[in-house]
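Results of the structural survey
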Amino acid sequence: MALSRLDKLIADSGKYSRSEAKALIRAGRVCVDGVTARAPEDKCAADAPITVDGEALNTSRTRWIMLHKPEGLLSATEDRDQPTVLDLLPAELRRLGLFPVGRLDKDTTGLLLLTNEGETAHRITSPKHHVPKRYLARVDGSLDGEDVQAFAEGLTLGDGTRCLPAVLELCDRADEGRVTVYEGKYHQVKRMFAAVGKPVLRLHRERIGALALDPALAPGEFRPLTAAELAAVFAAEED
Ligand code: URA
């Protein structure tokens, strides 16, 4: 395994800047393999166990985060005028180059993943992979069996765009429906409901693949995604 400078490995955790890492090492607060390190330029393996003040440090730069997106934030990394979902994160995570995996509209709530791992993120968003995304929609109107049929056949949007077949499930409330789509066109769900004459009033993403939004997360809250949860994104949906 390639060796890297110790201060760089510590900075890769996102928890400390490079200069903070150097200061920690010089202060004798860093151990590698249980031995106190003294020099920032010391070389060590990327998988060596590193502790700071006795606490294990995650030195992998790769991060996956599950966020309950609240209303009012853009799904972007930065914007000149408006707040983005990245503003919810502490500096130590913002330093790691995280970006939202796909987009939810500013007024859409629910499950949003953030990562700095481009290849897997692309697999989730690329229409080629057909990762299902499930939304709960509140609409202006009453949904019925005809709408279920129209979604199943593949809708044609107002501008003539053809959609893949989608699954619409009716809910107890006639003005709510659960829709699962297998592609991610611009404003797709809103445009699909508009195409059947029932515009969306509220939209909330519940699932990506078989991964459901953790009900313990309030809007605006986030937590690390486990490896099993990331795998669930690519697993067939199950209820
Ligand atoms: N479809 C929409 O129309 N909006 C979203 O935010 C997500 C899917």
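What counts and what doesn't
- Along each chain, residues carry numbers from 1 onward, in the same order as the chain's sequence is written.
- Only residues with pLDDT of at least 70 are given local features in this predicted model, and only at 80 or more are side-chain atom pairs given and counted; all residues enter the totals for whole chains, interfaces and linings.
- By convention in this description, side-chain values take in all heavy atoms of the structure and omit both hydrogens and water.
- By convention here, the domain bounds are inherited from an automatic or database domain assignment.
- Note on contacts: a residue pair is in contact if any heavy atoms of the two residues lie within 4.5 Å.
- Accessible area that two parts lose when put together, evaluated with a 1.4 Å probe and summed over both, is termed the buried area.
- Salt bridge, as used here: a side-chain nitrogen of Lys or Arg that lies within 4 Å of a carboxyl oxygen of Asp or Glu.
- Throughout this description, a polar contact denotes any pair of N or O atoms lying within 3.5 Å of each other; where both atoms belong to protein, one of them has to be capable of donating a hydrogen while the other can accept it, and for residues adjacent in sequence the pair is counted only when both atoms sit in side chains.
- Secondary structure elements are defined from DSSP: runs of H or I of at least 4 residues count as helices, runs of E of at least 2 residues count as strands, and each element is numbered from the N terminus.
- Nonpolar residues are Ala, Val, Leu, Ile, Met, Phe, Trp, Tyr, Cys and Pro. Charged residues are Asp, Glu, Lys and Arg, and all others, Gly as well, are polar.
- A cutoff of 4 Å decides nearness: a residue is near a molecule or strand if any of its heavy atoms lies inside that distance of it.
- In these tables, accessible area is a Shrake-Rupley quantity obtained with a 1.4 Å probe, and a residue counts as shielded only by the protein chains included in the view.
- Burial classes: relative accessible area under 20% of the type maximum marks a residue as buried, over 50% as exposed, and values in between as partly exposed (1.4 Å probe, protein chains only).
- This arc is built from the directions going out from the helix axis to the C-beta atoms.

**Details of the domain arrangement of the chain**
Looking at the assigned domains, one finds that the chain contains domain 1 (3-56), domain 2 (64-127 + 214-238) and domain 3 (132-208). Between domain 2 and domain 3, the residue contacts involve 17 residues of the former and 14 residues of the latter. Across the domain 2/domain 3 interface, buried area totals approximately 1,300 Å², and carbon plus sulfur atoms make up 45% of it. There are two salt bridges connecting domain 2 and domain 3. Between Lys-190 and Asp-107 there is a salt bridge; the shortest N-O distance is 2.7 Å. Put simply, domain 2 and domain 3 have eight residue pairs in polar contact (both at pLDDT 80 or more) between them. Looking at the side of domain 2 that touches domain 3, the elements that each hand over two or more residues are strand S9 (109-115) and helix H7 (227-233). Examining the composition of the side of domain 2 that touches domain 3, we find that five residues originate from one element, S9, more than from any other. Grouping the amino acids of the side of domain 2 that touches domain 3 by side-chain chemistry returns nine nonpolar, four polar and four charged.

**Description of the site of the ligand**
With respect to spatial proximity, the complete set of residues near the ligand consists of Leu-104, Asp-105, Thr-108, Tyr-135, His-187, Gln-188, Val-189, Lys-190 and Leu-203. Within the backbone of Val-189, an N or O atom sits 3.1 Å from a nitrogen atom of the ligand. Lys-190 places a polar main-chain atom, nitrogen or oxygen, 3.0 Å from an oxygen atom of the ligand. Coverage of the ligand by the protein amounts to 94% of the 240 Å² it exposes when considered alone. If one sorts the elements of the shell around the ligand by residue count, helix H6 (residues 188-195) sits on top with three residues. Taken together, the residues of the shell around the ligand break down into four nonpolar, three polar and two charged. Taken domain by domain, the makeup of the shell around the ligand includes at least three residues from each of domain 2 (64-127 + 214-238) and domain 3 (132-208).

**With respect to unusual backbone geometry**
Phi is positive for Asp-53, which is not a glycine, with a value near 50 degrees. You can see Asp-53 is positioned in the loop between strand S5 (50-52) and strand S6 (55-56). Of note, the phi angle at His-130 is positive, near 50 degrees, even though the residue is not glycine. Examined against the element boundaries, His-130 turns out to sit in the loop between helix H4 (118-125) and strand S10 (133-139).

**A word on H6**
All of the buried residues along H6 are Gln-188, Val-189, Met-192 and Phe-193. The arc that holds the buried residues of H6, viewed along the axis, is 125 degrees, so those residues lie on one side. Tucked inside the fold, the buried residues of H6 contact S10, helix H5 (145-153), strand S11 (167-170), strand S12 (176-181) and strand S13 (200-208). Two residues or fewer past H6, Gly-197 is found with a positive phi of approximately 75 degrees.

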